[in-house]
Amino acid sequence: EYVEIDASTMAVDTVADEDALRKKYDENKGKYGTAEQRMASHILVALPAKPTPAQDAAALAKAKDIANKARQPGADFAALAKANSDDVGSKDSGGDLGPVDKGVFGDAFDAVFFKMQPGQVSEPVKLPDGYHVIWFRELVPGNAKSFEEVRPELEAEYLKNERERVYNDLT
């Protein structure tokens, strides 16, 4: 003889608490939609591993010149990147970095890029590999579902967790 206990069929004498559901929604908003994406392109003026002051100054001057050209009305950033960038990974695609998340390119990059507005071209940003001229191409807005849209899913998850809790207590 045996006793079979199935958590998925256990009766739960509780109703999902509205405050608990809202709290769960707030804690997991990213799960219920997509975050905004910041699309970027860049042009790299490379520096050697241990640049001399003259090499650093020359690279900075070149990067400033490129940034000024990129800010001109009608400037083609992709063409400037193809002609001037030392980044072999993105040069042929016009400097395209795709969507940029914080922390990917380092603190110095983030400090500049995440303060920029769409369409803006940065001053040169010094990173270990050289000077980067950054173009904030586009802000793709995220699409988050409202609490009301995900409430049934939240409630089902809440009740499932309650069933598991009752199951664990019983066993």
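Keep in mind it's a predicted model, so treat the numbers as computed, not measured.

Scoring rules and cut-offs
Residues numbered from 1 in each chain as written. Predicted model: local features only at pLDDT ≥ 70, side-chain atom pairs only at ≥ 80, totals over all residues. Heavy atoms only, no water. Phe/Tyr/Trp six-rings, centres within 6.5 Å; stacked < 30°, edge-to-face > 60°. Helix = DSSP H or I, 4+ residues; strand = E, 2+ residues; numbered from the N terminus. Buried < 20%, exposed > 50% of the residue type's maximum accessible area, 1.4 Å probe, protein only. Core = buried A, V, L, I, M, F, W, Y, C linked by side-chain atoms within 4.5 Å. Contact = heavy atoms within 4.5 Å. Axes fitted to C-alpha atoms, helices over the stretch in contact; angles between N-to-C directions. Parallel < 35°, antiparallel > 145°, perpendicular 65-115°, else oblique. Nonpolar A, V, L, I, M, F, W, Y, C, P; charged D, E, K, R; others polar. Salt bridge = Lys/Arg side-chain N within 4 Å of Asp/Glu carboxyl O. Arc of directions from axis to C-beta. Polar contact = N/O pair within 3.5 Å; in protein donor to acceptor, adjacent residues only side chain to side chain. Pairing = 2+ DSSP bridges.

## With respect to the packing of aromatic side chains
(1) Moving on: In total, this model carries seven aromatic pairs according to the counting rule given.
(2) Moving on: Here Tyr25 and Phe147 contribute two aromatic rings whose centre-to-centre distance is 5.7 Å and whose plane-to-plane angle is 80°, an arrangement assigned as edge-to-face. Taken together, the residues Tyr25 in helix H1 (residues 18–27) and Phe147 in helix H5 (residues 147–170) connect sequence positions 122 residues apart.
(3) Moving on: Aromatic pair Phe105 and Phe109: ring centres 4.9 Å apart, planes at 40°, arrangement tilted.
(4) Moving on: Among the residues examined, Phe105 registers a relative accessible area of 32% and is labelled partly exposed.
(5) Moving on: Overall, the relative accessible area of 1% leaves Phe109 in the buried class.

## Overview of the nonpolar core
What tends to happen in soluble globular proteins is that the nonpolar side chains get buried as a cluster.
(1) Moving on: Counting 14 residues, the largest nonpolar core has Ile43, Val45, Phe77, Tyr131 and Val133 as its most contacted members.
(2) Moving on: For this core, the elements supplying multiple residues, two or more each, are strand S2 (37–46), helix H2 (53–70), helix H3 (77–84) and strand S5 (130–140).
(3) Moving on: Per element, the largest residue contribution to this core is five residues, and it comes from H2.
(4) Moving on: Residue contacts for Val45: discarding those within four places in its chain leaves Ala59, Lys62, Ala63, Ile66, Asp86, Asp129, Gly130 and Tyr131.
(5) Moving on: Counting residues in hydrophobic clusters, the runner-up holds 10 residues, among them Val100, Phe113, Met116 and Leu127.

## A look at the packing of H1 against H5
(1) Moving on: Between H1 and H5, whose axes approach to 10 Å, the crossing angle comes to 110°. Judged by the inter-axis angle, H1 sits roughly perpendicular to H5. Residues Glu18, Ala20, Leu21, Arg22, Lys24 and Tyr25 of H1 lie in contact with H5, whose contacting residues are Phe147, Glu148, Val150, Arg151, Leu154, Glu155, Glu157 and Tyr158.
(2) Moving on: Residue composition of the contact of H1 with H5, grouped by class: seven nonpolar, no polar and seven charged.

## Concerning the pattern of salt bridges
(1) Moving on: On inspection of all chains with the given rule, the structure shows 13 salt bridges.
(2) Moving on: Among the salt bridges present, the one from Glu155 reaches Arg151, with a minimum N-O distance of 3.1 Å. Of this pair, Glu155 and Arg151 both sit in helix H5, four residues apart, roughly one helical turn.
(3) Moving on: Taking the relative accessible area as the measure of exposure, Glu155 reaches 25% and is therefore partly exposed.
(4) Moving on: Judged by its relative accessible area of 23%, Arg151 is partly exposed.
(5) Moving on: Of the charged contacts in the structure, one is a salt bridge between Glu164 and Lys160, with a shortest N-O distance of 3.8 Å. Taken as a pair, Glu164 and Lys160 lie in helix H5 at a separation of four residues, close to a single helical turn.
(6) Moving on: One salt-bridge network, in which partners are shared between bridges, spans Glu18, Arg22, Glu148, Arg151 and Glu155.

## A word on H3
(1) Moving on: For H3, the set of buried residues is Phe77, Leu80 and Ala81. Each buried residue of H3 lies within a common arc of 100° when the element is viewed along its axis, so the set occupies one face.
(2) Moving on: Tucked inside the fold, the buried residues of H3 contact S2, H2 and S5.
(3) Moving on: The distance from a side-chain oxygen at the start of H3 to the backbone nitrogen of Ala78 is 3.2 Å, and the residue carrying that oxygen is Asp76.

## Structural notes on the sheet that holds S5
Sheets are built from strands paired through backbone hydrogen bonds, the pairs being either parallel or antiparallel.
(1) Moving on: Across the sheet, which stays open at both edges, the four strands sit in the order S3-S2-S5-S4 with antiparallel pairing between neighbours. This sheet does not close on itself; its edge strands, each paired only once, are strand S3 (96–99) and strand S4 (125–127). The average angle at which neighbouring strand axes cross in this sheet is 35°, direction not considered.
(2) Moving on: The pairing of S4 with S5 spans three bridges and is antiparallel. Residue Val125 lies in a different strand from S5, and its bridge partner there is His132.
(3) Moving on: In the packing of H2 onto the sheet, the strands contacted are S2, S4 and S5, and the crossing angle to S5 comes to about 30°.

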